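Commentary on secondary and tertiary structure
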Amino acid sequence: MRDSSVALNRFGLGGRKGEAPPPEPRRWLLEQFTRFEPRPAAILALPDSPALVTMFREARDNQREAKREAEAGDNKPDIAPELRPYRALRDAYGEAAMVRTNLALNTPAPFVERLVHFWANHFAVSIDKLVSLGLAGAFEFEAIRPNVLGKFGDLLLAVERHPAMLLYLDQAQSIGPDSMLGQIAARRGNARGLNENLAREILELHTLGVRSGYSQDDVTELARALTGWSVGGLAQQPRLRGPGPGYWFADLIHQPGERKVLGKRYGQRGEAQGEAILRDLAVHPATARHIATKLARHFGGDEPPPSLITKLEQAFLRSGGDLPTVYRTLIEAPEPWSGPPKFRTPWDWTLATLRAVGTERLPSLINANALNQLGQPTWKPGSPAGWDDTAPSWAGPDALYRRVEVAERIAARVGPIDARTLAEQLFPGALSEPTRKALAGAESPAQALALLLASPEMMRR
Amino acid sequence: MIDRRSLLANGALLSGALFAPRMAWASAPTERRLVFVIQRGAADGLATLAPTGDPAYAALRGELVDIGGGIKLDGMFTLHPALAQLASRYQAGEALFVHATASPYRDRSHFDGQNVLETGGKLPYDRDDGWMNRLIGLLPNSDAKALALSPAIPTALRGPASVSSYAPTNLPEASSEFLQRVGRLYAEDPQLHGLWSEAVQTRAMASLQGDDNGRGAAAAGKLAASLMTGPEGARLVMVESNGWDTHANQRGRLANQLGGLDAMLAALRDGLGPAWADTLVIVATEFGRTAAVNGTGGTDHGTGGLALLLGGTVKGGRVLADWPGLGPSALYEGRDLRPTTPLNRVLAGALAGHFGLDPVRAASTLFPGGTGKPLEGLIRT
């Protein structure tokens, strides 16, 4: 009984109203690997990243135009003209965020959806950059979802080549000083050059992990190797516009020559050089340890049990980073089934709450507004490190208070639900006596439901 | 709002065994106030307070040299033009800049750098509690109220002493009947009980503070001030400021960021009124940025940076810097401003002076990672 509650809440996204708890929790989780849909129709109906890159370019060009006009004319416009063109991208963001939420509310594979959210956060892009505003959804849909059940190395390459990542971490504009274009620019006294932002975050956040032994030279060398990994369809200069909107390896800005990263030499030419380095990083023991630790923290508790980390690390190394093998090890390990509860993030809590009351579709603005108020707006972690995954970041007094307020609002909005029955279904074998008593003693069905949504069980998974 | 206020006033929520006694709002015997503003993302000190008198500066910075309207503080340093109100505080002798400063951290990861800055430790993650929390224990009455202006508690405020957090919201108010039932439901839950008690009290306090919803930089400063005034006001407040990581197109973005900071600090001062005379504001960031402009009109992660002490107790109107220079051989690892003044010496000296603490004891408690001798003479006595 209790294992069903763990499967629903800790591995999944919370129970859904009207659905019986899984009788065989481990099998229920494993079977989701075949049930998961990487590209459902709702996603295919959205603009893809080439379309979004084009929208961004148009918005940027319109912005420049509007600014020029505003400076030339006398009459003050009612809204800042330079921001008006980005409305289409804001709408695209709202649409994509809504699709993400609705998929999570209705999915037949909640464990795999949770893993999608996990990896999107591991490889975080944040919409506080205008260019990420439209592309963040496409990033998750195109780079993360199709690779969530594949090899880590393929996931890594898909992520680092996605326009959202290349633009968010400034890689698209990084120019090798000795590349063809770098030399021309230097001769004209207009030197553009290297930007090491993406290279640093690949080593620190995406693969090896911070303090795992790489040096500043490794960062710089990786940045040089990655020059040329760019996005077409944006630049004013025809030469830099590439064949079209989307990922583009631009040889004319690639730094030529051999690179040395972590003591190993890479003599490949062009794009193959960066790819070879990333392939090695993807199966590096430090990467295995880093990924194992993050997964163990997500499923095994804020202080992940060392035994669980070791199991995941070995599964990762043994399989060359085959993710389903790692997930299977996670499901079969005893630690997540008995570990201390995790404090739900606002995103987790919102999904669990909406699933509990049987919401199937949510208007995008309500979703965005609630998550803003709760402190975790979709795809806006504010930094490439993504959202933190431990209680101190989420279990704040004010954060808790807001959840309680939202719980009351949601409960007031849905039709009559018997919270006492629902509670047993959401937390089979795991409902506490204080919660049971509070529900029984509530003064109205809506109040009982609000208390359930705000209950200690609901705050944790 | 009236609802909850009267509810608290007649003690319905505060009575009985529901709330532990430490939750009482204490009026600390100290009138001294501290605001710690963290600039997350490594603010560029070399643009904020530009060493325009350094012969190497202009060439390193190239397109980033944009000091039209900048305010010359002395023969070496020019303050960014977006900091006009701060400049007038400098002229009034209430602002002290410390340049070429750094925490003990010497690598270039934001998250590790912020951890060292906030914990006061020597290495990232070598301790769990923050220096602001340990400061509470050093104050004459350990009930001195501490508050974070954010939904969760940042690392600098984490630790054994009780602290609260508050961030403005536009959610409608929940009914008081429901809130009381939630309080009872959480009563036996060790974690939620404490959080809930803190939240209810802070909300009650904020509801007494007028209509400002705290959006925007000036509003945040005003809100912080409102939560620090009156006998029950918080004595220690931490304000989180994000968005300082300027890898590309730094010029416009940094000007916006600095403009916001300037407005926030000015609103804080105005809001505190007479209490400004007892206030110390510290503005610091995890590390500086590279000395040279990078290939994309921005700067990358560096080492030496800038800190600011501001307020009625500060012996200001000066720039404190053992200036290392920006020549190629002077740079740290060939790329960053070399740190010459340990930030922890500055913080320990300022905090000890401001709160009348023994400097050596303050330094070893707040910065067990080591400070060297706390700097003296930062605070008017």
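Residues numbered from 1 in each chain as written. Chains lettered and ligands numbered in written order. Predicted model: local features only at pLDDT ≥ 70, side-chain atom pairs only at ≥ 80, totals over all residues. Heavy atoms only, no water.

Per an unreviewed UniProt entry, chain B goes by DUF1501 domain-containing protein and derives from Novosphingobium ginsenosidimutans.

As annotated in an unreviewed UniProt entry, chain A carries the name DUF1800 domain-containing protein and comes from Novosphingobium ginsenosidimutans.

Describing the overall build of chain B
The number of helices and strands found in chain B is 12 helices and 12 strands. A burial count over chain B gives 62% of its 381 residues as buried. Across chain B, the fraction of contacts at a sequence separation of at least 24, relative to all contacts at a separation of at least 6, is 75%. For chain B, the exposed area adds up to about 13,300 Å²; of that, 53% sits on carbon and sulfur atoms. (Helix = DSSP H or I, 4+ residues; strand = E, 2+ residues; numbered from the N terminus. Buried < 20%, exposed > 50% of the residue type's maximum accessible area, 1.4 Å probe, protein only. Contact = heavy atoms within 4.5 Å. Areas by Shrake-Rupley, 256 points an atom, 1.4 Å probe, with all protein chains shown as cover.)

Notes on the nonpolar core
Residue and element names in this part refer to chain A. Counting 98 residues, the largest nonpolar core has Phe11, Phe111, Trp119, Phe123, Phe139, Ile144 and Phe152 as its most contacted members. Per-element accounting of this core gives the leading share, 9 residues, to helix 7 (residues 130-144). Not counting residues within four places of it along the chain, the set of residues in contact with Phe152 comprises Trp119, Phe123, His206, Ala282, Thr287, Ile291, Phe316, Gly321 and Leu323. (Core = buried A, V, L, I, M, F, W, Y, C linked by side-chain atoms within 4.5 Å.)

Focus on the packing of helix 4 (residues 84-91) of chain B against helix 10 (residues 250-272) of chain B
All names here are of chain B. The interhelical angle for the contact between helix 4 and helix 10, taken along N-to-C directions, is 50 degrees, at an axis separation of 7 Å. One element, helix 4, and the other, helix 10, form an angle in the oblique class. Residues Ala84, Gln85, Leu86 and Arg89 of helix 4 form the contact with helix 10, whose own contacting residues are Asp262, Ala263, Ala266 and Arg269. Counted by class, the contact of helix 4 with helix 10 contains 4 nonpolar, 1 polar and 3 charged residues. (Axes fitted to C-alpha atoms, helices over the stretch in contact; angles between N-to-C directions. Parallel < 35°, antiparallel > 145°, perpendicular 65-115°, else oblique. Nonpolar A, V, L, I, M, F, W, Y, C, P; charged D, E, K, R; others polar.)

Observations regarding the pairing of strand 10 (residues 305-310) of chain B
Residues and elements named next belong to chain B. For strand 10, the tally of buried residues reaches 6 of 6 residues, placing the bulk of the element in the interior. The side-chain alternation of strand 10 yields two buried faces, one formed by Gly305, Ala307 and Leu309 and the other by Leu306, Leu308 and Leu310. As judged from the 5 bridges shared by strand 5 (residues 95-102) and strand 10, these two strands associate in the antiparallel manner. Paired with Thr101 across the two strands is Gly305, which belongs to strand 10. (Pairing = 2+ DSSP bridges.)

Observations regarding the environment of A:Asp280
All names here are of chain A. In this structure, Asp280 sits in helix 13 (residues 271-282). Each C-alpha atom, one on Asp280 and one on Arg16, is 42 Å from the other, the two residues being 264 residues apart in sequence. Dropping the residues within four chain positions of it, Asp280 is found in contact with Lys264 and Tyr266.

Section: unusual backbone geometry
All names here are of chain A. If you check the backbone angles, Asp170 has positive phi at about 65 degrees while not being a glycine. Here Asp170 shows up in the loop between helix 9 (163-168) and helix 10 (180-187). The class of Asp170 is buried, set by a relative accessible area of 2%.

Some remarks on the pattern of salt bridges
Oppositely charged side chains can pair when the atoms bearing their charge come close. Taken as a whole and judged by the stated rule, the model has 48 salt bridges over all chains. A salt bridge links B:Asp129 to B:Arg134, with the shortest nitrogen-to-oxygen separation between them at 3.1 Å. Residue classification places B:Asp129 among the buried residues on the basis of a relative accessible area of 14%. In this structure B:Arg134 comes out as buried when scored by relative accessible area, which is 10%. Here B:Glu376 ties to B:Lys373 by a salt bridge, and the two come within 3.1 Å at their closest N and O atoms. Looking at B:Glu376, the relative accessible area reads 63%, which means it is exposed. A relative accessible area of 56% places B:Lys373 in the exposed class. Salt bridges linked by common partners bring A:Glu196, A:Arg200, B:Arg108, B:Glu333, B:Arg335 and B:Asp336 together as one network. (Salt bridge = Lys/Arg side-chain N within 4 Å of Asp/Glu carboxyl O.)

Things to note about the interface of chain A and chain B
Note: interface size is frequently given as the accessible area lost on complex formation between the parts. In this complex, chain A contributes 51 residues to the contact, which on the side of chain B involves 51 residues. The contact between chain A and chain B buries some 4,500 Å² in all, and 56% of this surface belongs to carbon and sulfur atoms. Taken as a group, A:Pro397, A:Tyr401 and A:Glu405 account for 16% of the area that chain A buries against chain B, more than any other trio of residues on that side. Inspection of the chain A/chain B interface yields 3 salt bridges. Between B:Asp112 and A:Arg211 there is a salt bridge, with its nearest N and O atoms 2.0 Å apart. Seen at the junction of chain A and chain B, the total is 14 residue pairs in polar contact (both at pLDDT 80 or more). Looking at the side of chain A that touches chain B, the elements with two or more residues in it are helix 11 (197-206), helix 20 (391-394), helix 21 (397-413), helix 23 (433-440), helix 24 (445-453) and helix 25 (456-459) of chain A. If you tally residues by element for the side of chain A that touches chain B, the top one is helix 21 of chain A, at 11 residues. For the side of chain A that touches chain B, a count of residues per class yields 23 nonpolar, 14 polar and 14 charged. (Buried area = accessible area lost by both parts, 1.4 Å probe. Polar contact = N/O pair within 3.5 Å; in protein donor to acceptor, adjacent residues only side chain to side chain.)

Details of the side chain of B:Thr246
Secondary-structure assignment places B:Thr246 in the loop between strand 8 (236-241) and helix 10. A residue is classified by how much of its surface remains accessible, and B:Thr246, at 0% relative accessible area, is buried.

Notes on the environment of B:Ala144
All names here are of chain B. Relative to the helices and strands, Ala144 resides in the loop between helix 6 (131-138) and strand 6 (146-149). Judged by its relative accessible area of 2%, Ala144 falls in the buried class. Measuring from C-alpha to C-alpha, the distance between Ala144 and Glu31 comes to 10.0 Å, with 113 residues separating the pair along the chain.

Points about the sheet that holds strand 4 (residues 78-79) of chain B
Residue and element names in this part refer to chain B. Spatially, the 3 strands line up as an open sheet ordered 2-4-3, and their pairing is antiparallel. Both outer strands of the open sheet, strand 2 (49-50) and strand 3 (71-72), are each paired with one neighbouring strand and no more. As judged from the 2 bridges shared by strand 2 and strand 4, these two strands associate in the antiparallel manner. Its bridge partner being in strand 4, Ala50 is matched across the sheet by Thr78.

Digging into the packing of aromatic side chains
Residue and element names in this part refer to chain A. In the structure shown here, the tally under the stated rule is 24 aromatic pairs over all chains. Joined through ring pairs, the aromatic side chains of Phe11, Phe33, Phe111, Phe299, Tyr327 and Trp337 make up one cluster. Over the face of the ring belonging to Trp337 we find Arg26, whose NZ or CZ atom lies 4.1 Å from the ring centre. A cation sits over an aromatic face here: Arg100 above Trp347, 4.5 Å from the ring centre. (Phe/Tyr/Trp six-rings, centres within 6.5 Å; stacked < 30°, edge-to-face > 60°. Lys NZ or Arg CZ within 6 Å of the ring centre and 35° of its normal.)

Here we look at the domain arrangement of chain A
All names here are of chain A. If you check the domain split of chain A, you get domain 1 (1-24 + 344-458), domain 2 (41-166) and domain 3 (169-300 + 304-339). The distance between the C-alpha centroids of domain 1 and domain 3 comes to 36 Å. Across the boundary between the two partners, domain 1 contributes 10 residues, which contact 13 residues of domain 3. For the pair domain 1 and domain 3, the number of links is 0 salt bridges. The residue makeup of the side of domain 1 that touches domain 3, split by class, is 5 nonpolar, 1 polar and 4 charged. (Domains from an automatic or database assignment.)

Some points on the domain arrangement of chain B
Considered domain by domain, chain B is made up of domain 1 (28-170 + 213-366) and domain 2 (172-209). Using C-alpha coordinates to define each centre, domain 1 of chain B is positioned 33 Å away from domain 2 of chain B.

Details of the pairing of strand 8 of chain B
All names here are of chain B. The buried fraction of strand 8 is high, at 5 of 6 residues. With 6 bridges joining them, strand 1 (residues 33-39) and strand 8 adopt parallel strand pairing. Bridge pairing links Val37 to Val239 in strand 8. As defined by bridge partners, strand 6 adjoins strand 8 across 4 bridges and the pair is classed as parallel. The partner of Leu149 across the bridge, within strand 8, is Val239.

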